[in-house]
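A closer look at the structure
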Amino acid sequence: MRSIACAERHPYLTVATISGLFGAIAFVYIYGVQVLDGTYVDWIRNATGDFTQSYYGWRFYRASAWHFPPGLMDSVAYPSLTSIIYIDSVPLFNFIFKVLSPLLPETFQFFGIWGLTCFVLNTSLGSCCVYRLTGRQVYAIVTAPLFALCPFAIQRLYTHTALAANWVILAAMLLAMCQAHQGHGPRQALSWAAVFALAVGVNIYYLPIVGVVMVSYTIYRCARERGAWPLASVFTASLAGTFVAFWFFGGLYHLSGAAGSTDTVYGYLSANLLSLINPMQTNAYLTGWSVLLPSHGLATPGQYEGYAYLGAGLIALIALAVAMALVRARSVLAWLRRHALGAGLVLGSALVLAVLSWGTLVSVGRHEVLEIPYPSLVLKFFSVFRSSGRFMWGVWDIVAIASLAALPRLAAARSEAAPDSDGAPAPRVGLPPAAARVATVAPVLLVLVCLPVQGYDLKEFVQDRQALFLERQEAYEPLVSVDGVRGLLAGKSHLVLMEEGSSILNQEFYDLGEAVLQSGATINDFYYSRRDSTAIEEAKRHYRDELDSGAPRADTLYVFTTFADAARYQDSLHLYYLNGFVFGRTDVAEGFDELGPIREVASAEVPAGEGDDLAATDADAAFGAVRSVGLAQLLGEGATTGTGLGVEVEGDAANGAMLTSRSIANDGKGGRGGALTLLHNSSSWLMTGTIPSGELASARLALGTGVAYVHVYELGAG
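Since we're looking at a predicted model, the values are computed, not measured. (Residues numbered from 1 in each chain as written. Predicted model: local features only at pLDDT ≥ 70, side-chain atom pairs only at ≥ 80, totals over all residues. Heavy atoms only, no water.)

**A few points about the overall build of the chain**
The following threshold applies: Only DSSP runs of H or I covering at least 4 residues are called helices, and only runs of E covering at least 2 are called strands; the numbering of each starts at the N terminus. Each residue is placed in one exposure class: buried if its accessible area under a 1.4 Å probe, protein chains only, is under 20% of its type's maximum, exposed if it is over 50%, and partly exposed if it falls in between. Contacts are residue-level and defined by heavy atoms, with any inter-residue pair within 4.5 Å sufficient. For the area figures, the Shrake-Rupley method with a 1.4 Å probe applies, and any residue is considered shielded solely by the protein chains shown.
Scanning the chain for helices and strands turns up 25 helices and 18 strands. For the chain, with 718 residues in total, the buried portion stands at 56%. In the chain, the share of contacts with a sequence separation of at least 24, taken over all contacts with a separation of at least 6, comes to 76%. If you sum the accessible surface of the chain, you get close to 29,200 Å²; carbon and sulfur atoms cover 62% of it.

Here is the structure:
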């Protein structure tokens, strides 16, 4: 009895608690409990993609000294300061756990806790939104699994991990609904400031979605109260919350056109008119899944960013709601006339978010329908949010909540008034008790029937995640020896990558970063989402000027991606080769073999198709190589008096390049079987490797298709 009384006194708490429990169960079912172990990091390092970037953003932020404002760090992109906002690593959680850092183990990750938090809050706030509109606790709780099985949240968690926080959008929607009929004062304005600050503290992509919700809310309040005070106060508070949070997390530092600049056209990473019903099972990056519904094509490869599939169960519920609305069209039209302002603003919000999500391109499946000619000023503003397809998530929430809220009203059409301002159900009129009970139970049964449909439709999606996360993964194997780089860093405070730009493999960035972190050093360049290329490249030019003047820094380990670049400074640096990189330092590195003098002895262009075809059964062919050429043939009459040879392969053919000899000094790409280390994955592929001079006669270079540019260097010549 006491629990029933508590539920009556605190209905939102009851709905949130029970629904949140469903979210926690769903998280453990999909991802298991291993990921909740803060000292278990192999599952993150094995990902090697953007999720690993988020982890290293946390690692560098934790290792950095405190700065003011608190969101800045100095250990990545040194000597510049970098904001935690620009490394896609949940700034709010980074700050909280950095404060707690003295109490945490040396190796610690919070991403398991973050995922559990997202599942709990996604379901809690989603169900509370439904309860707010229906006043029915049981029904709202029954809808919770639909928010737990939100496809785009599952897709993004542990890929772009901050973007699994659908609860940020739901919090703004719930706030708008709860305040729509309340008095207006400082508390209401501060609530909106907090929501906008929260959006910045999770990921700035939530700002435009929350902004659309806020604008609709203020228009509604202004229209009802016939005054502009709600608009002025809420808008001002929202801007203040955004600015303070952005400043606090360091977002104003190095804020320039170069920070996060991209050649991506606004509209390329967009949504599609079919996004809500398209499972988008491309089996490519950020693929979707569906057992029951077919996938549709995309107008651009970048439209994976517009993934917002509802799921077959939710689509079925929406279809039922539409059918019931058509049957009760007269009652529905009467309700819409009475609530024209609110209904119009909800529909308008969905349309605005949909249009924003399309960017400049309106498309249906593979077909481009319309190019929207936005003014250049608008395009410049929205280039900050280049992945516009993500705005479709707000449409998902509006459609899902509106449909789920409509079912009980449609089942009891003309028999039940709207809930009062506190969300409590109003008395039913016009139906006998038996019919009223049916009207109450029917929506619950409909949701219960459609829940297994949703689960079955996403079965393969869930199984894919379970295969990745339920069991403890094997220990991460680096491409670049972390212990080797740590040895070369001995006695040094800084690691400096000398290559212009940022085109080495993400995984190699992470391995170098791991060595830097374990050594307590800094790194001048790294892979992260909004890299301030202007400041980073300016610092590289300064380092280059120092080397050119013969004044290298004694506290710095220099890193070169080509033998030719390293050879320019062999008179002032001791050079060492490790896993595709040439490292240089002013003093001798104990325990490492120095390269000695480097001299280019051969340079050749290998046309497409030249060389001996590889048999399909050849081990190298499994990694994209289709032909091979002998190194001795490329060398010609070149001298080979040194202790070994350095080999570089550039061009499209380097994508599948490797040395067929198995006696190469480095062991290749993560046990891949080849001998050359892949450094670039941009339009200009680059692979490097070394071979003892005694193996020259038997060594052959296996190449992919296209033209290859090969450079051979003599190492250690007297």
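Still to come is the rest of the account.
**Quick notes on the packing of aromatic side chains**
Cut-off, in case you're wondering: What counts as a ring pair is set by centres within 6.5 Å for rings of Phe, Tyr and Trp (its six-membered ring), and what kind of pair is set by the plane angle: stacked under 30 degrees, edge-to-face over 60, tilted for all other angles. Put simply, a charge is over a ring when the Lys NZ or the Arg CZ is close to the ring centre, within 6 Å, and near the line of the ring normal, within 35 degrees.
Summed over the entire model, instances satisfying the criterion amount to 47 aromatic pairs. When the ring of Phe51 is compared with that of Tyr158, the centres are 5.2 Å apart and the planes differ by 40 degrees; the resulting orientation is tilted. Of this pair, Phe51 sits in helix 4 (residues 50–63) while Tyr158 sits in the loop between helix 9 (151–156) and helix 10 (166–179), and the two are 107 residues apart along the sequence. In this pair, the class of Phe51 matches that of Tyr158, namely buried. Its guanidinium or amino end placed over the ring of Tyr61, Lys98 lies 4.5 Å from that ring's centre, counting from NZ or CZ. A cation sits over an aromatic face here: Arg390 above Tyr205, 4.3 Å from the ring centre.

**A word on the environment of Val447**
Mapped onto the fold, Val447 is located in helix 19 (residues 433–457). C-alpha separation for the pair Val447 and Gly313, spaced 134 residues apart in sequence, amounts to 8.5 Å. Excluding residues that lie within four positions of it along the chain, Val447 makes contacts with Tyr139, Val142, Thr143, Leu146 and Leu317.

**Thoughts on the confidence of the model for the chain**
Selection criterion: The predictor rates its confidence in each residue with pLDDT, a number between 0 and 100.
Averaged over all residues, the pLDDT of the chain is 87; the fraction at 70 or higher stands at 86%. In the model, residues 415–429 has pLDDT below 50 throughout and makes 34 contacts with residues more than four positions away in sequence or in other chains. Under a pLDDT of 50 for its full length, residues 660–675 has, in the predicted model, 49 contacts with residues more than four places off or in other chains.

**Describing the packing of helix 2 (residues 11–31) against helix 20 (residues 459–469)**
Stated precisely, the cut-off is as follows: Interaxial angle, 0 to 180 degrees, is taken between N-to-C directions of lines fitted to C-alpha atoms, where a helix line uses only the stretch in contact. Orientation is classified from the angle alone, with under 35 degrees giving roughly parallel, over 145 giving roughly antiparallel, 65 to 115 giving roughly perpendicular, and any other angle giving oblique.
Remark: helix 2 packs on helix 20, axes separated minimally by 7 Å, with the N-to-C direction vectors making an angle of 65 degrees. Judged on the interaxial angle alone, helix 20 and helix 2 are roughly perpendicular. The segment helix 2 lies against helix 20, with Tyr29, Ile30 and Tyr31 engaging Val462, Arg465, Gln466 and Phe469.

**Details of the nonpolar core**
Our working rule: What we call a nonpolar core is a set of buried Ala, Val, Leu, Ile, Met, Phe, Trp, Tyr and Cys residues that are connected through their side-chain atoms within 4.5 Å.
In terms of nonpolar packing, the biggest core is built from 159 residues, with Tyr31, Trp114, Trp192 and Trp396 touching the most fellow members. If one sorts the elements of this core by residue count, helix 10 sits on top with twelve residues. Excluding residues that lie within four positions of it along the chain, Tyr31 makes contacts with Phe119, Ile154, Leu157, Tyr158, Arg465, Phe469 and Leu470. Grouped together as the second largest cluster of nonpolar side chains are 19 residues, Phe563, Leu573, Leu575 and Ile598 included.

**Details of the sheet that holds strand 5 (residues 494–497)**
Condition: Here, strands pair whenever DSSP counts at least two bridges between them.
With mixed pairing, the five strands of this open sheet are ordered in space as 6-5-7-9-8. Edge positions in the sheet fall to strand 6 (522–523) and strand 8 (574–578), since each has one partner strand and no second. In this structure, strand 5 lies alongside strand 7 (residues 556–560), joined through four bridges in parallel fashion. When the sheet's bridge partners are listed, Leu495 is paired in strand 7 with Leu557.

**Let's talk about the state of the cysteines**
Our working rule: To count as a disulfide, a pair of cysteine sulfur atoms needs to be within 2.5 Å.
Counting across every chain of the model gives zero disulfides. The structure places no disulfide on Cys128, whose sulfur is separated from the nearest cysteine sulfur, that of Cys129, by 7.3 Å.

**Comments concerning unusual backbone geometry**
With an omega of 5 degrees, the peptide bond running from Phe68 to Pro69 counts as cis. Considering the arrangement of structural elements, one finds Pro69 in the loop between helix 4 and strand 1 (72–73). The peptide bond linking Tyr78 to Pro79 adopts the cis configuration, its omega dihedral lying at 10 degrees. When you line up the elements, Pro79 lands in the loop between strand 1 and strand 2 (82–83). For Ala77, which is not glycine, the phi dihedral falls at a positive 60 degrees. Here Asn283, not a glycine, exhibits a phi torsion of approximately 60 degrees, which is positive.

**Some remarks on the pattern of salt bridges**
Short version of the rule: The working definition used for a salt bridge is a side-chain nitrogen of Lys or Arg within 4 Å of a carboxyl oxygen of Asp or Glu.
Taken as a whole, this structure holds 17 salt bridges when the rule is applied. One salt bridge in this structure joins Asp565 and Arg544, with 2.8 Å as the shortest N-O distance. With a gap of 21 residues between them, Asp565 in helix 24 (residues 563–567) and Arg544 in helix 23 (residues 533–548) connect regions that are remote in the sequence. Accessibility expressed as a relative area gives 15% for Asp565, which makes it buried. Through salt bridges with shared partners, a single ionic network connects Asp525, Arg531, Glu537 and Lys540.

**Things to note about the pairing of strand 13 (residues 644–650)**
By the criterion of burial, strand 13 is predominantly enclosed, with six of the seven residues buried. As paired elements, strand 13 and strand 18 (residues 708–715) share seven bridges and run antiparallel to each other. For Gly646, the partnering residue across the bridge sits in strand 18 and is Tyr713.

**Looking at a nonpolar patch on the surface**
Defined as follows: Grouping into patches uses exposed residues only, defined as over 30% relative accessible area, and leaves out salt-bridged ones; the cut-off is 9 Å for like charges and 5 Å for nonpolar side chains (Val, Leu, Ile, Met, Phe, Trp, Tyr).
A cluster of nonpolar residues, Trp66, Ile96, Val99, Leu100 and Leu103, forms a patch on the protein surface that exposes about 490 Å² of accessible area. Mapped onto the fold, Val99 is located in helix 5 (residues 91–99). For Val99, a relative accessible area of 47% translates into the label partly exposed.

**What to know about helix 14 (residues 312–327)**
Three or four residues apart is the spacing at which side chains of an α-helix point the same way, because the helix has 3.6 residues per turn. In plain terms, the rule: By definition here, a helix of n residues has an expected span of 1.5 Å times n minus one.
A rise of 1.5 Å per residue sets the reference length of helix 14, with its 16 residues, at 22 Å; its end C-alpha atoms lie 23 Å apart and thus fit the reference within 8%. Taken together, the buried positions of helix 14 are Ala312, Gly313, Leu314, Leu317, Ile318, Ala321 and Met324.

**Some details on the environment of Leu634**
Within the secondary structure, Leu634 sits in helix 25 (residues 631–635). When its relative accessible area of 17% is taken as the criterion, Leu634 is described as buried. Considered as a pair, Leu634 and Val601 are 33 residues apart in the sequence and their alpha carbons are 9.9 Å apart. Not counting residues within four places of it along the chain, the set of residues in contact with Leu634 comprises Ala602, Ala604, Val606, Val629, Leu701 and Val710.

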